Amino acid sequence: MNVHDSEKVIGTLLQQGYSQVEEPEDAGLVLYNTCSIRDKAEQKVFNRLQNFKRDAGKGKVFGVLGCVAQQEGEKIFDRAPHVSLVCGSASYTRFGEMLVQLEAGNRRVTGLSLDTEDTFDTPFTRRDNPHRAYITIIEGCDKSCAYCVVPFTRGPERSRTSESVIAEARGLAERGYTEIQLLGQNVNSYRDPSPAGWDFATLLARVAEIPGMRRVRYTTSHPRDFVKSIVDAMDSNEVLCDHVHLPVQSGSSKVLAAMDRLYTRDEYMRRIEWLKTARRRYALTTDIIVGFPGETERDFQDTLDLLDEVQYDSLFSFKYSPRPNTAALAMEDRVAEDEKQRRLIVVQEKQRAIQIRRNAELIGGIQEVLVEGRHQALGQWIGRTSCNRTLNFTHPDIGETSLVGQYLPVRVTRSGPNSLVGESATVV
Ligand code: SAM
Ligand code: SF4
């Protein structure tokens, strides 16, 4: 989501006559797009801002964008006085105006209101990848997970009209894009605000029908809003990729209730069952938080059992990080830092063993990849499968013609915990 926000901000800058430089040292305007989902991400921003402090006097203008900007607001001007712009994502629609203020010499420009019904739709998105593109369909979040800062930094949920999403996707397909990823904090609570009134499953099906579209992905899904019609839409059209990211956070219904996740373990498992009994085999991935306040050894064991039961293809795991404004801040029974670390390692080791096994099951089979690049040193092409695995492969046509952007069948010959290796099954 942040990468795509940056693409839109860069597009706006280019449209206003700015040009991009390779190194921050050469820039007149330096913008940091920031994440505050965990404390570590937030600390990084302040460290980087310190690195450039000495350049402020050399005529450079600094801005902080995104979630840390929204969360810390004008306090950033005190902590890093060389910063002149502080702007949260809900104010990006006013970004052009803010640039004008900066150019006029204003050194305290802010965009911090969360009171918005607008989404940041712009025809000026600067996409570097010519084959794969992101499209935001919904911004903000109306859930209130007890650990999460997003509702406070990205504002209330607001969906784009289906008409504007389809027009953007069609335009991209006409320009040669073949893969699209629909984005939102919670894509499946998408509700078309126009009279057509499409839900997420309908939008998904319609985007996949656009001529020229080869792959459509989406992220992220909240399990509570992940309804059966989404699986039915996926089953009906193979353009919708063989992958679902369904963050569970914990395998313990007690912890899920404390997190205010709005589903129990059984309800989550019902969704997994729909996917496991679907017509196609879907890769399943998830997010896990360890060490949420009150998580006992028993609760943690429930999470490990869930990993055994689901057999995810991959996961992101995090130590619980207390965030400002969130309900969990006031919760007792904090888990000690070293215990969180221990649990994180246990989760990662268990998952690594699962991935080694699952990836090995693919050896001998053929996967279609979208070629994304080349590993010159290894003499391999880098491909991505529909199920979102990296598959590096050799091809008889060694580097003479660029294969990037092509879809090719590849036979899997080897596997590791995080990727596959193979050889092209055709000669182009
Ligand atoms: N909206 C998505 C959802 O509900 O699953 C994900 C949003 S968040 C950007 C991505 C992941 O960061 C979450 O799924 C969660 O695992 C993790 N996360 C969020 N807040 C966290 C916190 N305070 N500490 C640790 N991990 C956190
Ligand atoms: Fe955060 Fe929960 Fe919203 Fe996801 S659904 S962004 S975890 S509050």
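As shown above, the structure is provided for reference.
Our subject in this report is the structure included herewith.

Criteria and thresholds
Residues numbered from 1 in each chain as written. Chains lettered and ligands numbered in written order. Predicted model: local features only at pLDDT ≥ 70, side-chain atom pairs only at ≥ 80, totals over all residues. Heavy atoms only, no water. Helix = DSSP H or I, 4+ residues; strand = E, 2+ residues; numbered from the N terminus. Rg over C-alpha atoms; globule rule 2.2 N^0.38 Å. Buried < 20%, exposed > 50% of the residue type's maximum accessible area, 1.4 Å probe, protein only. Contact = heavy atoms within 4.5 Å. Areas by Shrake-Rupley, 256 points an atom, 1.4 Å probe, with all protein chains shown as cover. Lys, Arg positive; Asp, Glu negative; His and termini not counted. Charge placed at Lys NZ, Arg CZ, Asp CG, Glu CD. Near = heavy atom within 4 Å. Polar contact = N/O pair within 3.5 Å; in protein donor to acceptor, adjacent residues only side chain to side chain. Nonpolar A, V, L, I, M, F, W, Y, C, P; charged D, E, K, R; others polar.

**Focus: the overall build of the protein chain**
Point 1. Scanning the protein chain for helices and strands turns up 13 helices and 17 strands.
Point 2. Against the 2.2 N^0.38 benchmark of 22 Å for 428 residues, the protein chain shows a C-alpha radius of gyration of 23 Å, consistent with a compact globule.
Point 3. Here the protein chain holds 428 residues, and the buried ones make up 54% of them.
Point 4. Here the analysis covers contacts within the protein chain between residues at least 6 apart in sequence; of these, 71% occur between residues at least 24 apart.
Point 5. Carbon together with sulfur atoms contributes 48% to the accessible area of the protein chain, which is approximately 19200 Å² in total.
Point 6. Once the 55 positive and 59 negative side-chain charges of the protein chain are each reduced to a mean point, those two points are 3 Å apart.

**Comments concerning the site of ligand 1**
Point 1. The environment of ligand 1 is formed by 15 residues, the closest being Tyr147, Gln185, Gln249, Asp287 and Ser321.
Point 2. Separating a nitrogen atom of ligand 1 from a backbone N or O atom of Tyr147 is a distance of 3.0 Å.
Point 3. With respect to ligand 1, the backbone of Gln185 contributes an N or O atom lying 2.6 Å from a nitrogen atom.
Point 4. With the chains in place, 88% of the 560 Å² that ligand 1 exposes on its own is no longer accessible.
Point 5. Of all the elements in the fold, those that place two or more residues in the shell around ligand 1 are strand S11 (283–290) and strand S12 (314–319).
Point 6. Of the residues contributing to the shell around ligand 1, the split by class is six nonpolar, four polar and five charged.

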